[in-house]
Amino acid sequence: MSESKDFLRTIVEEDLRSGKYKEVITRFPPEPNGFPHIGHAKSIFINFGIARDYNGHCNLRMDDTNPTTEDTKYVEALKDAVQWLGFDWGDDVYFTSDYFPKIYDYAIELIKMGKAYVDSTNEEEMRQLRGTVTESGKRSKYADRSIEENLDLFERMKNGEFKDGEHVLRAKIDMSAANMKMRDPLLYRIRHSHHFRAGDKWSIYPMYDFAHCLSDYIEGVSHSICTLEFENNRDIYNWVLDTLGLELPRPYQHEFARLGINYTVMSKRKLLELVEGGQVNGWDDPRMPTIAGYRRRGYTPEAILNFCDQIGIAKANSMVDVAQLEFCIRDDLNTKVPRVMCVLDPLKVTIENYEGTEELEASYYPHDVPKEGSRKMPFSKEIYIERDDFKENPPKDYFRLTPEQPVRLKHGFIISCKEVVKDASGNIIEIKAEYYPESKSGSDSSGIDVKSAIHWVSASHAKTVEVRLYDRLFKDEAPEGVEDINPDSLQVIKNALIEPAVISQKPDERFQFERQGYFYADPIDYTDTTPVFNKIVGLKDSWTK
Ligand code: ATP
Ligand code: MG
Ligand code: MG
């Protein structure tokens, strides 16, 4: 993969050159409160990618400091995603919860230094005392508690003697700091809830700003890479490590722009709402922007990584066109997958001057794809074509089959329409046609001019399959959530007809259905009796470089 040098790699290289660090250690630190999405893929790509480029290591750390929303199933989903994207975190997955005892000890150290205190102000008053951007805050009256009293109260907070919200532990920094985050930030809060790993051992949980920098330090992280919204947290990050006297190789924080994609929501909380509200069929619904969703839909890890590479690493937030992601998957599949025929909306064609069956040799790949392989396509008197590929009264520039215009059956013969059969209400139910024996693909001596080739299947040989067509989950370019859902994001076709080799030979899991798009054999619902294919992406590009 060609990663041109970005500002993060520039920093890393400089830090190695100057000897600030001997080794690059990064980490990917998700909170296990949902399935990872494409934004996480970007973070994975950056953190694991940098570690790989500089022979370092990237830790996979579950940032599990919030007991009420976290779960083991999300830990598994995160591991699956990292692995599927092709990265390796080594022997162990790390958990912030494993550092709770150490983080607690650091808190005691701060208290002993007079740098942290137990505050018993209620939330509302605390907010008022914090002040505003233009107005200094005022320190709580509890900030004057003695070290002994703070140590005693903090221990009793830990032992579960107080109710949620009764006390918090705060750093004693600066109530008039221009950076509001530095106005005596919270370090610990009381939470009487069950933690999915730590159980009921703890009644207090460290806040992100305290736990994160220390977890990075404990793991020997050199470069702590996070998204821009943590820019103002950097001062606390440094304050904690500096105040505790933790020296190099201590970590430093660096921020990059968060990935946003149009027509997509990218917040685990909002995605959870869709899952819980039943708007989608679970976290791995192929319409979801989760790694599990893309995977189930048929996206490849290569395409996602290539997308992450293309969009680059910026210092300012911006919106990426979802068409660019679609371009990447199309670009990847174009060079890889077999081309086959599947008729989604079948119209019967009876070729009146043909008897019997023959097998047509058909390559799976076009000339410009350097892959070999072919199948035999059975051809017979009754075939199906796409309903759309015949028009009785064609518009101008219609190049497919009409009563006056012949068409080529791809890999087969040229046919022309002799008669249009309709039911009582005037719907076309069948075409009676004629074929030209000397027009066979590859040895055509018929001299007949056709304007296009269409896909088709032999009626008696085709297999019935279910095809799931996906459209964007949101109709709004900048969706908020449920209210912007596209009601037509899923269309299920139960009776599509596919050529038999796809089912019997299974030359791949992913295919290009000629003229329809790219499709993937659904990894869960596909059975031999009911093959199910997901539409990965259409053939047309709407993204312009
Ligand atoms: P969400 O709001 O979706 O829950 P988060 O930032 O709270 O996202 P975390 O699990 O804390 O999710 O994220 C783990 C890592 O992934 C963090 O380092 C975070 O910065 C990064 N990350 C999350 N979303 C994005 C995004 N859209 N673009 C880039 N990185 C992201
Ligand atoms: Mg987070
Ligand atoms: Mg979040």
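Not measured: the values here are computed from a predicted model. (Residues numbered from 1 in each chain as written. Chains lettered and ligands numbered in written order. Predicted model: local features only at pLDDT ≥ 70, side-chain atom pairs only at ≥ 80, totals over all residues.)

1. Describing the overall build of the chain
Operational definition: Helix numbering and strand numbering both begin at the N terminus, where a helix is a DSSP run of H or I of at least 4 residues and a strand a DSSP run of E of at least 2. The globule rule is 2.2 Å times the number of residues to the power 0.38, and the radius of gyration it is compared with is taken over C-alpha atoms. Here exposure depends only on C-beta density: within 10 Å of a residue's C-beta, 20 or more other C-beta atoms make it buried, 12 or fewer make it exposed, and intermediate numbers make it partly exposed, the C-beta atoms being placed from the backbone. By the convention adopted here, residues make contact when the C-beta atoms placed from their backbones lie within 7 Å.
Secondary structure summary: the chain contains 13 helices and 27 strands in total. Here the C-alpha radius of gyration of the chain, 31 Å, is well above what a compact globule of 545 residues would show, namely 24 Å. Counting only C-alpha atoms, the chain reaches 100 × 55 × 45 Å along its principal axes. Buried residues in the chain amount to 39% of all 545 residues. The contacts in the chain between residues at least 6 apart in sequence include a share of 72% that link residues at least 24 apart.

2. Regarding the site of ligand 1
Here is the rule we go by: We call a residue near a molecule or strand if the C-beta atom, set from the backbone, is within 6 Å of it. Under the scheme applied, nonpolar residues are Ala, Val, Leu, Ile, Met, Phe, Trp, Tyr, Cys and Pro; charged residues are Asp, Glu, Lys and Arg; polar residues are all the others, including Gly.
Taken together, the neighbourhood of ligand 1 is formed by 15 residues, with Pro30, Gly39, Ser43, Leu259 and Lys268 sitting nearest. Looking at the shell around ligand 1, the elements with two or more residues in it are helix H2 (38-53) and strand S8 (223-227). It is H2 that contributes the most residues to the shell around ligand 1, 4 residues altogether. Grouping the amino acids of the shell around ligand 1 by side-chain chemistry returns 5 nonpolar, 5 polar and 5 charged.

3. With respect to the sheet that holds strand S5 (residues 168-171)
Here is the rule we go by: Between any two strands, pairing holds if DSSP finds at least two bridges. Only the contacting stretch of a helix is used when fitting its axis, a line to C-alpha atoms as for every element, and angles between N-to-C directions run 0 to 180 degrees.
The strand order across the open sheet built from 4 strands is S4-S5-S6-S7, with neighbouring strands paired in antiparallel fashion. Taken across any chain shown, the strands that pair with only one partner, and hence form the sheet edges, are strand S4 (116-119) and strand S7 (204-206). Taking each pair of neighbouring strands and ignoring which way they run, the sheet shows an average axis angle of 20 degrees. In terms of strand pairing, S4 meets S5 through 4 bridges, oriented antiparallel. By the bridge assignment, Val118 is partnered in S5 with Leu169. Sitting on the sheet, helix H6 (residues 147-158) is in contact with S4, S5, strand S6 (186-190) and S7, with an inclination near 60 degrees to S4.

4. Regarding the pairing of strand S17 (residues 382-386)
Within S17, 4 of the 5 residues are buried, leaving the element largely enclosed by the surrounding structure. As paired strands, strand S14 (residues 346-351) and S17 are joined by 5 bridges and run antiparallel to one another. Opposite Lys348, over in S17, you have Tyr384 as the bridge partner. When S17 meets strand S22 (residues 456-458), the two strands line up antiparallel, connected through 3 bridges. Following the sheet pairing, Tyr384 is matched in S22 by Val457.

5. Some details on the pairing of strand S20 (residues 428-435)
Pairing between S14 and S20: 4 bridges, direction parallel. Bridge assignment links Ile351 to a residue of S20, and that residue is Ala433. Taken together, the 7 bridges between strand S19 (residues 414-422) and S20 define a ladder with antiparallel strand orientation. Looking across to S20, one finds that Val421 is bridged to Glu430. What sits between S19 and S20 in their antiparallel hairpin is a turn of 5 residues, with Gly426 showing a positive phi close to 90 degrees.

6. Observations regarding the sheet that holds strand S2 (residues 57-62)
The parallel open sheet is built from 3 strands, whose spatial order is S1-S2-S3. One side of each edge strand has no neighbouring strand; the edge strands of this open sheet are strand S1 (25-28) and strand S3 (94-95).

7. Thoughts on H2
Under the convention used in this document: To estimate the expected span of a helix, count its residues, drop one, and scale the result by 1.5 Å.
For H2, with 16 residues, the first-to-last C-alpha span of 22 Å sits near the 22 Å given by 1.5 Å per residue. At the exit of H2 stands Asn55, carrying a positive phi of roughly 50 degrees.

8. Comments concerning the packing of helix H11 (residues 301-311) against helix H12 (residues 322-334)
How we decide: Any angle between 65 and 115 degrees counts as roughly perpendicular, while under 35 counts as roughly parallel, over 145 as roughly antiparallel, and the rest as oblique. Crossings are sorted by hand: turned counterclockwise from the far helix by less than a right angle, the near helix makes the crossing left-handed, and turned clockwise it makes it right-handed.
Running from N to C, H11 and H12 point in directions that differ by 135 degrees, and their axes come no closer than 8 Å. Taken together, the axis directions place H11 and H12 in an arrangement best described as oblique. The interaxial crossing formed by H11 with H12 has right-handed handedness. For the pair H11 and H12, contact is made by Glu302, Ala303, Asn306, Phe307 and Gln310 and by Gln324, Leu325, Cys328, Ile329 and Asp332, respectively. Here the residues of the contact of H11 with H12 are counted per class, giving 5 nonpolar, 3 polar and 2 charged.

9. Digging into the nonpolar core
Worth spelling out the cut-off: By definition, a nonpolar core groups buried Ala, Val, Leu, Ile, Met, Phe, Trp, Tyr and Cys residues that connect through C-beta atoms lying within 7 Å of each other.
Within the largest apolar cluster, 97 residues are counted, with the highest numbers of intra-cluster contacts made by Ile304, Cys342, Val343, Tyr384, Trp456 and Val457. In terms of residue count, the dominant contributor to this core is H2 (8 residues). Residues contacting Ile304, with those up to four places away along its chain left out, are Ala41, Leu85, Tyr294 and Tyr299. Among the nonpolar cores identified, the runner-up in size contains 32 residues, and Phe100, Val118, Tyr188 and Phe210 belong to it.

10. Things to note about unusual backbone geometry
With an omega dihedral of 5 degrees, the bond running from Leu248 to Pro249 counts as a cis peptide bond. Summarising the element assignment, Pro249 is placed in the loop between helix H8 (234-243) and strand S9 (252-256). Phi angles above zero are rare outside glycine, and Asp184 is one such case at about 45 degrees. Position of Asp184 relative to the elements: it lies in the loop between S5 and S6.

11. Some remarks on the environment of Phe28
Relative to the elements of secondary structure, Phe28 occurs in strand S1. Accessibility expressed as a C-beta count within 10 Å gives 25 for Phe28, which makes it buried. Discounting chain neighbours no more than four positions away, the residues touching Phe28 are Ser43, Ile44, Asn47, Phe48, Cys58, Leu60 and Val82.

12. Focus on the packing of H2 against H11
It is the contact of H2 with H11, at a shortest axis distance of 10 Å, that shows an interaxial angle of 75 degrees. The orientation of H2 relative to H11 falls into the category roughly perpendicular. Across from Ala41, Lys42 and Phe45 in H2, the residues of H11 making contact are Ile304, Leu305 and Cys308. The residue makeup of the contact of H2 with H11, split by class, is 5 nonpolar, no polar and 1 charged.

13. Comments concerning the environment of Glu135
Tracing the backbone through its elements, the reader meets Glu135 in the loop between helix H5 (123-130) and H6. By the C-beta count within 10 Å, which is 9 here, Glu135 ends up exposed.

14. A short note on the confidence of the model for the chain
To be explicit about the condition: A residue's pLDDT is the predictor's confidence in that residue, given on a scale from 0 to 100.
In the predicted model, the chain carries a mean pLDDT of 96, and the fraction of residues at 70 or more is 99%. Prediction confidence for the complex, expressed as pTM and ipTM, is 0.95 and 0.96 respectively.

15. Quick word on the environment of Ala433
Relative to the helices and strands, Ala433 is located in strand S20. Exposure remark for Ala433: the 24 C-beta atoms within 10 Å place this residue in the buried category. The spacing of Ala433 and Trp202 is 231 residues in sequence and 78 Å in space, taken between C-alpha atoms.

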